[in-house]
Amino acid sequence: MSGKDGVMEEQELKPQPNWHAMTKAECLSELGLPAESHQTKGLSAEEAAARLEKYGRNMLSGKEKKSLLAKIWEQVANVLVGILLFVAAISLVRVFTDDPVTNGIQVGIIIGVIVINTTIGIVQEGSAEKAAEALKAMLSADAIVVRGGTEVKVPADEIVPGDIVMLSLGDRVPADLRMLTVSQLACAEAALTGESVPIDKTVEKIESDEPKSVPLGDRHNMCFSATLVAQGSGAGLIVATGDFTEIGTINQLVNKVEDKKTAVLEQIDTVSKWLAVFIVITAVVTFLVSFFTTDVDNRDWLESLSVALVCAVAMIPEGLEAIVTVTYAWAVSNMASQNAIIRALPAVETLGSVTTICSDKTGTLTKNEMSLVAWVTSNARYKVDTDSTERSNKNFIRDDAYMAERADHTKMMKTRDVLKSGPGVSTHDRFGKKEQDFPYTMRGSVIDKNFASEHGKKAAIEAAIEAGVPAAVDNLPVGAGESPDLSFFRQGLAGGVLCSKCTLGKDGGREGEIGNPTELSILRASYWGGVEVNQMKDSSPIIAEVPFSSEYKFMATVHAPVEANDGSGKDDKLIIHVKGAPDRMIPLCDKQFKAGMLSETEEIDRDYWIEQIAILSSHGLRCLALLRGELDKSAVSEGDQLGPEFVQDKGQWLTIVGVCAIMDPPRPECVDAVSEAKGAGVRVAMITGDHKDTALAIGLMLGLVDEKYSSAITGPELDAMGDEEIKGAVQKYNVFARASPQNKIRIVKALQSQGEVCGMTGDGVNDAPALKAADMGVAMGKEGTDVAREASKMILADDNFATIIVAVREGRVVWDNLRKVLLVNTPINNAQGLSVLFGLICGLPDTPLTAIQVLYCNLICAVTLGFVTAVEPAEDGIMDQPPRRVGKRLIGRYLFLRIALGTVTLVACTVGSTFWARSLYLDGNSETSDYYYDEVLPLMRSQASNTLTFGACAITMSARFSYNSAFGTRSLYGNKFAWYSLAIVGVLQVAITYIPGLNDVIFGMGPMKGEQWGIAALFSFVVFVVMELEKGVRRALKAKGTDVGDSEYGFFDTEPKPSQDISLPKGASHLNLTTVKN
């Protein structure tokens, strides 16, 4: 049951009885209900109230939500904000004791910075996990129950175990039900189980030696909460509500899996802690220097403390969190424009460190469109271009080498065994259910053993192979690499087009198509080959038919002859087209059309056809045989409903035209994406519920199957393994076939135990825990459920694997850009504080920068200059590098040295320019005179401010490129915001330098003279040259093989120790619902 207000309580869900394995009477008895009358009378109002008190409301529990104050506290409870608040408090005191204007502005700026950063953090947190809410939204609002012998509508959260629920078409099931009566009842359970078709419901108990192992998809006498009634009606006994339902189990798993903090957030925390220590030490040293270098008579501890705090404020990266957020947001915007929708900004960085991506097959790696990929005739095979966008006979090309030999793992098998194990075999899936997406399945036992021989003994095959390379043995009707004319395919594929009740989609696409995907593949291929499919069907209507049945695995239709389809001289005949499972069709044939042409027949070579079917099946292709025959016109009458015996009882009388090889082919862009991923050091694995041979064939086409990962493993094989064996298996295989959602979780955890950063795709409710467990859960935008989307960190708007690789590239850009942001912001912040300290150490009687100057420079430089590097496009070669290692720090040894170099150079230039300005304008006057304070000190502070700011601009322009030189034209292009930022900074610097009142009253600056701009320009160029020389040195070291990109583990890094526990969370056994249908 759920806790108060739906908040999750710490409870252990008790094991539920195996309701599906119990009779109706046993179920009623288990709930303490009378078996004779309860179905008609139901619960009384008093009994319902008592059960509501016992079981709780029918609602899903959730995590306790944080209050606004708790969220605010999480954002401000860190050392850096504490230092800022301390500085604000001291400044507030000085409002009443010293300069109220300057100190008041300082307090306002500090509080403003804290408020802005806190708001950003809270808004980001508000966009986080909503998976539980999505699950709750799937629940029914009301239910029709029997109470006191009357059907009444009650709120769904008030129904209880023991209630009788009445279901009808369109209802959403309000709780888990054990069905008592059904009338053609079927429920759509795809969102829960992954089953693609509605499940017919029964009332009898399900016999099983292990009732708990029966998947939900096979519990036909149960209806489950949140599923939909697709047809019929029925009455069911509520056996579980709330968190005790199957969807409640998933809800608890989703809530149990904690979100992981990404590496960037951890590193920002670490950087902040080290900065806090450095800031405190520097502030203390500044206080001591300021206090003890002042004459004893003029010492003022409050003034020295104020100077120290100016130094502290200068070094605090107030704008760092804001610019990190901007970096993420920019990447998210770029990715959204390319169909990758990020749900949590820090997840962008995780993408850049992903080492393994586990992807679904159907619709993600493949087109989710069954397609005719090959057409085999008696002497040749024609490869079909499934990616063509032009209608032409050129889409069919003779290629006798295309899948002309068996897949390696079947070469030593007998033909009979290959056919028995192929993807087109009528077997049960791993959970005992019949396959439903390919009706024309084969059954190996039908093939007469006289037909089946060992591989390599067919003369027809041997004659077609020379030196191991298949070649055309004749040029009928065309030679290798050529395309036959349109009439060849119109006549050859006529059986697939006419012997079909399917409707082709608009313009040969998916829109408006009706029928079985396998049959539609032939219509679609014919259309793109130039055949006018609808016109062809209209000109040759069906006279009579043998409708398809799964019992005999074929369909037959009778038509009047049409010359364009059947050739001439057939006027006194009727044409019968038969389409079916090849092993059922070949025994019915005595002839074959020579070279697939209707003009000539020859004796059938059964060994040849059986071997071709075996070859195609070994590559995961599904096969359909197309046959023809002729009938006397008197044999049938229009509208006759023929039985299978009409075809089967005539002996060997049909002629085989050819065999269609059908599959859901890979997306062409995914082939390139997998190749790019390999080059980037990212491994791609495929997890599918499909047959092993099909999975291997697709894996081979995509480049997932190679010498290192040469085979596949199935879900049942994983189920039989121990933890250590699974850990080894996930490193050995790239293809996981016949996998269940339960397997997905273990695969993810096993990969993580080996130090992998794992991405995982999913679309169903039962995928949500695996998506949460993965480092990067990726949901489908088109086919996915809301629950899967809410449990993920990224959504693919186009359901396309190639989009993930785009996101991986953007994730790497984010990491690079965050390092660039630190290279810009950290030296600037450090230089502001250290310039104050070293100015005093070197003998200046007053700080070279005021507190307002420091805060202004801090914010303006972070927001403008930091933004430049935050949005810098990817540098060349970013996808040629391996993924960032887990545990790598943002600031590695070389970046630390670069930051140190930038800091030292900028401090030296800032302090040096200040002394230069003092020597120009002091003119022998005392540093205690009014002239010094009124004229010289403002000019010195203007010099320090402008040298520091434009020196920061120089660091920014250099930092845009990690290795490449910024000298030359590349700095002029690629990032327009660089020039916008420089313009903004320049205009603002001129404004605060020359606008009266703004410069002297607020910033304590004086209008600069011409020579001072020369000094600022000179020192800015010095900073730029120093940073570029450092890059030149690193390029030289890199050429010698030295790690200058902080890719190896170093002093600053922590090598991870991943958890070795790959056991499933409690309740995850319920995820063993059905085969993953992709």
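Cut-off values and rules
Residues numbered from 1 in each chain as written. Predicted model: local features only at pLDDT ≥ 70, side-chain atom pairs only at ≥ 80, totals over all residues. Heavy atoms only, no water. Buried < 20%, exposed > 50% of the residue type's maximum accessible area, 1.4 Å probe, protein only. Helix = DSSP H or I, 4+ residues; strand = E, 2+ residues; numbered from the N terminus. Pairing = 2+ DSSP bridges. UniProt positions renumbered as here; feature names shortened; annotations may be inferred. Core = buried A, V, L, I, M, F, W, Y, C linked by side-chain atoms within 4.5 Å. Contact = heavy atoms within 4.5 Å. Salt bridge = Lys/Arg side-chain N within 4 Å of Asp/Glu carboxyl O. Axes fitted to C-alpha atoms, helices over the stretch in contact; angles between N-to-C directions. Polar contact = N/O pair within 3.5 Å; in protein donor to acceptor, adjacent residues only side chain to side chain. Parallel < 35°, antiparallel > 145°, perpendicular 65-115°, else oblique. Left-handed = near helix turned anticlockwise from the far one by under 90°. Nonpolar A, V, L, I, M, F, W, Y, C, P; charged D, E, K, R; others polar.

**Q** I would appreciate a short explanation of the pairing of strand E25 (residues 758–762) in the present structure.
**A** Successive residues of a regular strand alternate their side chains across the two faces of the sheet. Along E25, 5 of the 5 residues are buried, which leaves the element largely enclosed by surrounding structure. By the bridge criterion, 3 bridges tie strand E9 (residues 356–360) to E25 in an arrangement that is parallel. Bridge pairing links Cys-358 to Met-760 in E25.

**Q** For this particular structure, what's the right way to read the UniProt feature "transmembrane region" (unreviewed entry) in the protein?
**A** In the UniProt entry, the feature "transmembrane region" (unreviewed entry) is given for residues 76–97, 103–123, 274–293, 895–916, 977–997 and 1012–1029. In this annotation, residues 895–916 is assigned 100% helix and 0% strand; the end-to-end C-alpha distance for the span is 31 Å. Structurally, residues 977–997 comprises 86% helix and 0% strand, and the distance from its first C-alpha atom to its last is 31 Å.

**Q** Can you help me understand the nonpolar core in this one?
**A** General note: in soluble globular proteins, nonpolar side chains tend to be found buried as a group. Counting residues in each nonpolar core, the largest one holds 159 residues, and the members touching the most others are Ile-576, Val-578, Val-647, Leu-654, Met-794 and Phe-801. It is helix H31 (residues 801–841) that contributes the most residues to this core, 19 residues altogether. In this structure, Ile-576 is in contact with Ala-556, Thr-557, Val-558, Leu-627, Arg-628, Gly-629, Glu-630, Leu-631, Phe-646, Val-647, Trp-653 and Leu-654, ignoring residues within four places of it in sequence.

**Q** Looking at this structure, I do not really get the pattern of salt bridges. What am I missing?
**A** When charged atoms on two side chains of opposite charge get close, those side chains can pair. For the structure shown, the criterion picks out 26 salt bridges. Arg-406 is the partner of Glu-611 in a salt bridge, and the nearest nitrogen-oxygen pair spans 2.8 Å. Here the residue Glu-611 occupies a position in helix H22 (residues 606–618), and Arg-406 occupies one in the loop between strand E12 (396–398) and helix H14 (415–421), the gap between them amounting to 205 residues. For the pair formed by Glu-611 and Arg-406, the shared burial category is buried. For Glu-1030, the salt bridge is made with Arg-1034, and the minimal N-O distance between the two is 2.7 Å. One end of the pair, Glu-1030, and the other, Arg-1034, are both in helix H37 (residues 1010–1039), 4 residues apart, so they sit about a helical turn from each other.

**Q** Mind showing me how you'd approach the sheet that holds strand E8 (residues 340–342) here?
**A** Strand pairing within a sheet occurs via backbone hydrogen bonds; the two strands may be parallel or antiparallel. Ordered in space as E8-E27-E26-E25-E9-E22-E24-E23, the 8 strands form an open sheet in which the pairing is mixed. Pairing within the sheet leaves two strands with one partner each, and these edge strands are E8 and strand E23 (712–714). Looking at each pair of strands side by side, their axes are set apart by 20° on average, direction ignored. Packing of H31 onto the sheet brings it into contact with E8, E9, strand E22 (683–687), E25, strand E26 (776–780) and strand E27 (794–796), and relative to E9 it is tilted by some 155°.

**Q** Honestly, the environment of Glu-1028 in this entry has me stumped. Any pointers?
**A** Within the secondary structure layout, Glu-1028 lies in helix H37. When its relative accessible area of 5% is taken as the criterion, Glu-1028 is described as buried. Spatially, the C-alpha atoms of Glu-1028 and Phe-961 are 9.8 Å apart, while their sequence positions differ by 67 residues. Apart from residues lying up to four places away in sequence, Glu-1028 is in contact with Ser-958, Ser-965, Ala-966 and Phe-967. A distance of 3.3 Å separates a polar atom in the side chain of Glu-1028 from a polar atom in the side chain of Ser-965.

**Q** Any chance you could explain unusual backbone geometry here in plain terms?
**A** Excluding glycine, most residues fall at negative phi; most peptide bonds, likewise, are trans. The omega angle of the peptide bond from Leu-476 to Pro-477 is -15°, so this bond is cis rather than trans. Mapped onto the secondary structure, Pro-477 falls in the loop between strand E14 (469–470) and helix H16 (486–492). Even without being a glycine, Lys-553 presents a positive backbone phi close to 65°. Tracing the sequence through the fold places Lys-553 in the loop between strand E15 (542–546) and strand E16 (554–559).

**Q** Explain the packing of helix H33 (residues 893–921) against H37 to me, please; I cannot follow it from the model alone.
**A** The description of two helices packed together rests on the angle between their axes and the distance between the axes. Two elements in contact, H33 and H37, have axes whose closest approach is 10 Å; the angle formed by their N-to-C orientations is 160°. In terms of their interaxial angle, H33 and H37 are classed as roughly antiparallel. Our pair here, H33 against H37, has a crossing hand that is right-handed. Across the contact of H33 with H37, the residue classes tally to 16 nonpolar, 5 polar and 5 charged.

**Q** I would appreciate a short explanation of the packing of helix H24 (residues 668–679) against H31 in the present structure.
**A** It is the contact of H24 with H31, at a shortest axis distance of 8 Å, that shows an interaxial angle of 35°. Seen from above, H24 lies across H31 with left-handed handedness. Along its contact with H24, which presents Glu-669, Cys-670, Ala-673, Val-674, Glu-676 and Ala-677, the element H31 presents Phe-801, Ala-802, Ile-805 and Arg-809. Residues of the contact of H24 with H31, tallied by class, amount to 7 nonpolar, no polar and 3 charged.

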